[in-house]
Amino acid sequence: MSPVPAPLGLLAELTHRCPLACPYCSNPLELEDRAAELDTGAWARVFQEAAAMGVLQVHLSGGEPASRRDLVEITAAASHAGLYTNLITSGIGLDAGRLERLQDAGLDHVQLSIQDTDPALADRIAGYDGAHARKQAFAGAVTRLGLALTINVVIHRANIGHLPALVALAASLGAGRVEIAHAQYYGWALRNRDALMPTREQVDRAMEELDRLRDGRLTIDFVVPDYYASRPKPCMGGWGRRSLNVTPSGIVLPCHAAQTIPGLEFWSVRDHALLDIWARSPAFGAFRGTAWMKEPCQSCAFRELDFGGCRCQALAIAGDAAATDPSCDLSPHHAKLRMLAEEAAARSGTPYLYRGRPALTPIPVR
Ligand code: SF4
Ligand code: FES
């Protein structure tokens with residue numbers, strides 16, 4: 001058996017609480033309670049153990065990490081452990097004073113989500129009136145402090161036609177990078193697939209536009225939407241190979257949707273050292289490496305490059321987490337994935353479903 005690789009990144013889901021209600025939320029259907037959240041000291045121990053294992057970066061995420069009153073102390077603990085600290089935020093709940101305290105605590109980088117360039121559409125998607133204006137003000141506060149800024153945009157049917165304007169907005173906000181990712185249909189987002197799925201024509205046009213937009217002024221990361229891809233992405237850089245997620249209550253996952261896979265046994269930092277979980281827990285061992293693969297992955301030349309794609313998508317579409325990711329055109333389920341995409345994309349006008357709030361009709365695409 002090959003040695004267990006050292007992880008490079010840790011996603012710290014500090015809380016599932018969030019002021020926004022985006023229909024593409026990939027957090028689980030059942031969110032973890034505030035009462036179950038790890039305290040500051042437990043996070044500090046996790047960061048120390050992560051750094052000792054070789055982790056270089058921690059992504060402070062949620063939910064909305066600013067919902068944690070001890071975010072400054074948590075950031076200081078991550079920085080003290082020697083980790084590069086990246087805050088992934090909606091910008092809501094962080095004024096300039098708190099941001100300055102985060103910088104003093106050692107914060108290195110901010111990733112701010114933007115829903116669209118049109119304020120009404122952006123607020124409709126976020127499920128929060130006034131969110132867009134507050135995000136723009138927050139971006140100003142980030143750049144005034146000289147913190148590195150990346151803009152994150154989740155792309156779907158309503159905003160995929162606005163890519164040039166979204167990239168221009170990111171540049172005008174002072175971002176050095178923009179990450180454009182298609183909605184991933186896990187957790188709550190799967191419920192909204194019919195409301196979010198773009199058409200094939202929209203995706204093709206977006207790909208052409210991106211080629212023109214990549215003029216070197218801004219780094220643009222873009223991933224082809226799985227449902228329209230012909231080869232899968234190496235989800236998480238390979239299961240149990242590069243990174244790990246810690247949920248608000250301390251459960252350690254190989255990916256954010258791993259709990260959708262039945263029969264996996266997850267361990268918690270409340271009971272085990274992080275290294276023990278990474279190296280020995282059943283969930284991390286389940287799909288690490290290539291020995292678990294079935295055909296066509298098992299004998300495929302790409303198996304060490306894409307690791308068979310995404311286990312959670314294989315489960316969701318093929319009903320088998322060990323199957324080839326259906327976004328691969330060698331998968332026997334590839335045609336089904338395409339058909340699901342086309343059927344969903346044809347259901348224009350499907351209302352957005354928000355957690356715990358009434359559904360709303362999407363603003364018509366312009
Ligand atoms: Fe990747 Fe498996 Fe498809 Fe080969 S068959 S390209 S390993 S997903
Ligand atoms: Fe779980 Fe891709 S989201 S392996």
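Structure first, text after, so check above.
Residues numbered from 1 in each chain as written. Chains lettered and ligands numbered in written order. Predicted model: local features only at pLDDT ≥ 70, side-chain atom pairs only at ≥ 80, totals over all residues. Heavy atoms only, no water.

## Details of the overall build of the chain
Now for step 1: A count of helices and strands for the chain gives 14 helices and 9 strands.
Now for step 2: Since a compact globule built from 366 residues should have a radius of gyration of about 21 Å, the 20 Å found for the chain is in line with a globular shape.
Now for step 3: Along the longest, intermediate and shortest principal axes, the C-alpha atoms of the chain span 55 × 50 × 40 Å.
Now for step 4: Per-residue burial for the chain yields a buried fraction of 54% across its 366 residues.
Now for step 5: Nonlocal contacts in the chain, meaning residues at least 24 apart in sequence, comprise 72% of its contacts between residues at least 6 apart.
Now for step 6: Within the structure as shown, the chain displays about 15,300 Å² of accessible surface, and the carbon and sulfur contribution to it stands at 54%.
Now for step 7: Charged side chains in the chain number 36 positive and 39 negative. The centres of these two groups are separated by 1 Å. (Helix = DSSP H or I, 4+ residues; strand = E, 2+ residues; numbered from the N terminus. Rg over C-alpha atoms; globule rule 2.2 N^0.38 Å. Buried < 20%, exposed > 50% of the residue type's maximum accessible area, 1.4 Å probe, protein only. Contact = heavy atoms within 4.5 Å. Areas by Shrake-Rupley, 256 points an atom, 1.4 Å probe, with all protein chains shown as cover. Lys, Arg positive; Asp, Glu negative; His and termini not counted. Charge placed at Lys NZ, Arg CZ, Asp CG, Glu CD.)

## Comments concerning the pairing of strand E3 (residues 84–89)
Now for step 1: Pairing analysis gives 4 bridges linking strand E2 (residues 57–61) to E3, with the strands arranged parallel. Residue pairing for E3: Leu60 is matched across the bridge by Leu87.
Now for step 2: For the crossover from E2 across helix H2 (residues 71–80) to E3, the handedness is right-handed.
Now for step 3: Taken together, the 4 bridges between E3 and strand E4 (residues 109–113) define a ladder with parallel strand orientation. Counterpart to Thr89 in the pairing with E4 is Leu112. (Pairing = 2+ DSSP bridges. Right-handed = clockwise from strand over helix to strand, strands pointing away.)

## Points about the site of ligand 1
Now for step 1: Close to ligand 1 lie Arg231, Pro232, Pro296, Cys297, Cys300, Phe302, Arg303, Asp306, Gly308, Thr324, Cys328 and Leu330, which account for all nearby residues.
Now for step 2: A class-by-class count of the residues in the shell around ligand 1 yields 7 nonpolar, 2 polar and 3 charged. (Near = heavy atom within 4 Å. Nonpolar A, V, L, I, M, F, W, Y, C, P; charged D, E, K, R; others polar.)

## Brief notes about the pairing of E2
Now for step 1: Summarising the sheet, strand E1 (residues 9–13) and E2 pair through 5 bridges and their orientation is parallel. Along E2, the bridge assignment pairs Ala12 with Leu60.
Now for step 2: Each parallel crossover has a hand, and the one from E1 via helix H1 (residues 40–53) to E2 is right-handed.

## Focus: the sheet that holds E2
Now for step 1: One open sheet accounts for 9 strands, arranged E7-E6-E5-E4-E3-E2-E1-E8-E9; its pairing is mixed. One side of each edge strand has no neighbouring strand; the edge strands of this open sheet are strand E7 (219–222) and strand E9 (252–253).
Now for step 2: Direction of pairing for strand E5 (residues 148–155) relative to strand E6 (residues 177–182): parallel, over a ladder of 6 bridges. Along E6, the bridge assignment pairs Val154 with Ala181.
Now for step 3: Where H2 meets the sheet, its contacts fall on E2 and E3, and the angle it forms with E3 comes to roughly 150°.
Now for step 4: Its contacts with the sheet put helix H5 (residues 131–144) on E3, E4 and E5, and the angle it makes with E4 is roughly 165°. (Axes fitted to C-alpha atoms, helices over the stretch in contact; angles between N-to-C directions.)

## Some words on the nonpolar core
Now for step 1: The biggest cluster of nonpolar side chains holds 92 residues, and the ones touching the most others in it are Leu10, Phe47 and Ile151.
Now for step 2: When residues in this core are grouped by element, the largest group, 6 residues, is from H1.
Now for step 3: With near-sequence residues (within four places) excluded, Leu10 lies in contact with Val46, Phe47, Ala50, Val55, Gln57, Val58, His59, Leu244, Val246 and Leu274.
Now for step 4: Of all hydrophobic cores here, the second largest spans 19 residues; its members include Trp239, Leu264, Ala283 and Trp292. (Core = buried A, V, L, I, M, F, W, Y, C linked by side-chain atoms within 4.5 Å.)

## Considering the state of the cysteines
Now for step 1: Within this structure, the stated rule accounts for 0 disulfides.
Now for step 2: For the unlinked cysteine Cys22, the closest cysteine sulfur is that of Cys18, found at 6.5 Å.
Now for step 3: The buried category is assigned to Cys22, whose relative accessible area is 12%. (Disulfide = S-S within 2.5 Å.)

## Some words on the pattern of salt bridges
Now for step 1: Inspection of every chain in the model, using the stated rule, returns 11 salt bridges.
Now for step 2: Between Arg45 and Glu49 there is a salt bridge; the shortest N-O distance is 3.0 Å. Here Arg45 and its partner Glu49 are both found in helix H1, 4 residues apart, which amounts to about one turn of the helix.
Now for step 3: Between Asp70 and Arg68 there is a salt bridge; the shortest N-O distance is 2.9 Å. Comparing Asp70 with Arg68 shows no difference in burial state: the two are buried.
Now for step 4: A cluster of three or more residues bridged by salt bridges with shared partners is formed by Arg17, Glu37, Arg68 and Asp70. (Salt bridge = Lys/Arg side-chain N within 4 Å of Asp/Glu carboxyl O.)

## Section: unusual backbone geometry
Now for step 1: Cis peptide bonds are those with omega within 30 degrees of zero, and the linkage from Gly62 to Gly63 qualifies with 10°.
Now for step 2: Structurally, Gly63 can be placed in the loop between E2 and H2.
Now for step 3: The phi dihedral of Met236 falls on the positive side, at around 60°, and the residue is not glycine.
Now for step 4: Relative to the assigned elements, Met236 resides in the loop between E7 and strand E8 (243–246).
Now for step 5: For Met236, a relative accessible area of 25% gives the class partly exposed.
Now for step 6: Unusually for a residue other than glycine, Phe307 sits at a positive phi of about 55°.
Now for step 7: Turning to its location among the elements, Phe307 is positioned in the loop between helix H12 (303–306) and helix H13 (311–318).
Now for step 8: Among the residues examined, Phe307 registers a relative accessible area of 8% and is labelled buried.

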